[in-house]
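Chain and residue survey
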Amino acid sequence: MFASPLAGLLNILVIGIALSLPAGMYVLLQNAQSLITKLSGTPQISLFLNMDAKADDIDKLRKLLTQNPAIEKVTFVSRMQALEQLKQNSGLTDVIGSLNQNPLPDGFVISPKQNEAAALDALRNELAKLPKVEQAQLDSAWAYKLEALLKFGRLGILILASLLSIALVAVTFNTIRLQILTHRDEIEVSRLIGATNRFIRRPFLYFGALQGLLGGVMAWLIISVSLLLLNWQVGTLARLYASQFALHSLSSGDSLALLIFSVYLGWLGAWLSVGRHLSKIEPH
Amino acid sequence: MISFTQVNKHYPGGYTALRNVSFAIAAGEMVFLSGHTGAGKSTLLKLIAGIERPNSGSVLVNNQNVGVLKGAALPYLRRNLGMVFQDHKLLFDRNVFDNVLLPLQICGFDHRESAKRVRAALDKVGLLKREKSSLVSLSGGEQQRLCIARAIVNRPAILLADEPTGNLDNAYAQEIMAIFKSFHQVGATLLISTHDDSLSRDNQVRTLTLKHGELQP
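Read on for a plain summary of the structure. (Residues numbered from 1 in each chain as written. Chains lettered and ligands numbered in written order. Predicted model: local features only at pLDDT ≥ 70, side-chain atom pairs only at ≥ 80, totals over all residues. Heavy atoms only, no water.)

A look at the overall build of chain B
Within chain B, the regular secondary structure consists of seven helices and ten strands. Computed over the C-alpha atoms, the radius of gyration of chain B is 17 Å, within 12% of the 17 Å expected from 2.2 N^0.38 for a compact globule of 217 residues. Oriented by its inertia axes, the alpha-carbon framework of chain B measures out at about 45 × 40 × 35 Å. Within chain B, the fraction of its 217 residues that count as buried is 53%. Residue pairs in contact within chain B that sit at least 24 positions apart in sequence constitute 70% of those at least 6 positions apart. (Helix = DSSP H or I, 4+ residues; strand = E, 2+ residues; numbered from the N terminus. Rg over C-alpha atoms; globule rule 2.2 N^0.38 Å. Buried < 20%, exposed > 50% of the residue type's maximum accessible area, 1.4 Å probe, protein only. Contact = heavy atoms within 4.5 Å.)

Structure representation (structure tokens):
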């Protein structure tokens, strides 16, 4: 069936690249998603106090907060604790070490009872007005914004994937058209000696599906190798920030979905092409 | 086995290939179809195989009305027919063995049974030693015999041959006639078209003669 191995290889390469673009972007988005979930967790409100707040100011404030019905949990974070945490989490150990005084205020970390954006906002506004509070900050606001941005990205990938899928079907359609033309004599003779349409159609459908499968495998390889290269770079970057982070490749479920999808698209292209071109070859 | 009743066949453009043709061929009969080039012999054979359909009249093959047969049923009709084509219609991208194998592959025979049948058919036409040869190495007569092997490998009840001796010299033509006769002796129905009158006279078989699309009495 592979009349020309080079042409077949080029087709598989084209299909592989076309599939690897949306699938690769999907992988990157998945990674971004898991990174965000890791960083944001459940929403919290941080209260930063004025720098001149005394111990009894803090005690008064703690009482007010624990009595507030909208609040689940109150944790006091002293200036010293805050600095330590920053050293551990941010990866900016060296920068912080070079500071000669602690720039951080005392603060409270508050876990609200409700998670809806409107309720959180109302609570944040209420807490901002309390005495000795310099600023009230909704910690996960940025995460929500990023989340929205990711949704946008996902939509972009969906559109890209749809377009490239159509391209893939078109590539297979055309390959099968050429295959049918090259096998014209064989088809005509087979018809004459009693071949059913199904018999004639079968090898072309198999060919389309096989080409799709090999294209899918090619896409998987492209993504895996690219991620390997990226991870090599990410590793260097992560070491510079003194943190541990690596990009995950396609999960086995996603890999399987990729292959099934590519087989299906190849088969679909072949099916459309066969339906259109085979009927034109009638013996005479 | 084959019966035509008042069959007419026109081609687009007003050309009439067959006019009011009626005849019947019994099972196990061997019949020649003679007439000049363009008399309608090929058209008549094509009507039997359902390659063409009549404009009026009925074509019955094995009690099936071929003229109104659905497209999906045609393959099963053709599996009961062995056809030897004027232009051979062999496939040059495969060897002798694989050309004869094709009808069996289409019918879904298993591997071992197929190989046995292919060799039997090749033996009958004297090409058993050439089974691995490529088609370009075969002479015209050998290609014709290969075409016959492909037509009989399926052991069809009816064999149609369109000018099987067309381009062959007399010795070769007699050889091929001998193959057909042996096939007739085992009970097959044969319809063989030829423009060579001497062939039918020498062999003393029933002959249908076409002239300008009409059957001569």
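Quick word on the sheet that holds strand β5 (residues 64–65) of chain B
Residues and elements named next belong to chain B. Pairing within the open sheet is antiparallel, and its four strands lie in the order β2-β1-β4-β5. Because the sheet does not close on itself, it has two edges, and the strands there are β2 (15–25) and β5. Bridge analysis of strand β4 (residues 56–61) against β5 gives two bridges, and the strand direction is antiparallel. What sits directly across from L60, in β5, is N65. Packed on one face of the sheet, helix α1 (residues 41–49) meets β1 (2–11), β2 and β4 and runs near 115 degrees to β1. (Pairing = 2+ DSSP bridges. Axes fitted to C-alpha atoms, helices over the stretch in contact; angles between N-to-C directions.)

Points about the nonpolar core
Within the largest apolar cluster, 66 residues are counted, with the highest numbers of intra-cluster contacts made by F4, L44, I48, L146, L160, F180 and L191 of chain B. Sequence-distant contacts of L160 of chain B, defined by excluding residues within four places in its chain, comprise I2, L45, I48, L81, G82, M83, V84 and L191 of chain B. If you look at the next biggest cluster of nonpolar residues, it comprises 18 residues, including L205, A270 and I281 of chain A together with I106 of chain B. (Core = buried A, V, L, I, M, F, W, Y, C linked by side-chain atoms within 4.5 Å.)

Comments concerning the packing of aromatic side chains
For the coordinates displayed, the defined rule picks out four aromatic pairs over all chains. Directly above the aromatic system of F85 of chain B lies the positively charged group of K89 of chain B, at a separation of 5.9 Å from the ring centroid. (Phe/Tyr/Trp six-rings, centres within 6.5 Å; stacked < 30°, edge-to-face > 60°. Lys NZ or Arg CZ within 6 Å of the ring centre and 35° of its normal.)

A few points about the interface of chain A and chain B
Taken together, the 14 residues of chain A in the interface contact 17 residues of chain B. Between chain A and chain B, roughly 1400 Å² of surface is buried when both sides are summed, and carbon and sulfur atoms account for 68% of that area. Of all residues in chain A, the largest losses of buried area upon contact with chain B belong to V189, L192 and I193 of chain A, amounting jointly to 41% of the total for that side. At the boundary of chain A and chain B, one finds two salt bridges. Two residues, E188 of chain A and K89 of chain B, come together in a salt bridge whose shortest N-O distance is 3.4 Å. Here chain A is connected to chain B by four residue pairs in polar contact (both at pLDDT 80 or more). A per-element tally of the side of chain A that touches chain B places helix α7 (residues 184–192) of chain A first, with seven residues. Its residues assigned to classes, the side of chain A that touches chain B shows six nonpolar, four polar and four charged. (Buried area = accessible area lost by both parts, 1.4 Å probe. Salt bridge = Lys/Arg side-chain N within 4 Å of Asp/Glu carboxyl O. Polar contact = N/O pair within 3.5 Å; in protein donor to acceptor, adjacent residues only side chain to side chain. Nonpolar A, V, L, I, M, F, W, Y, C, P; charged D, E, K, R; others polar.)

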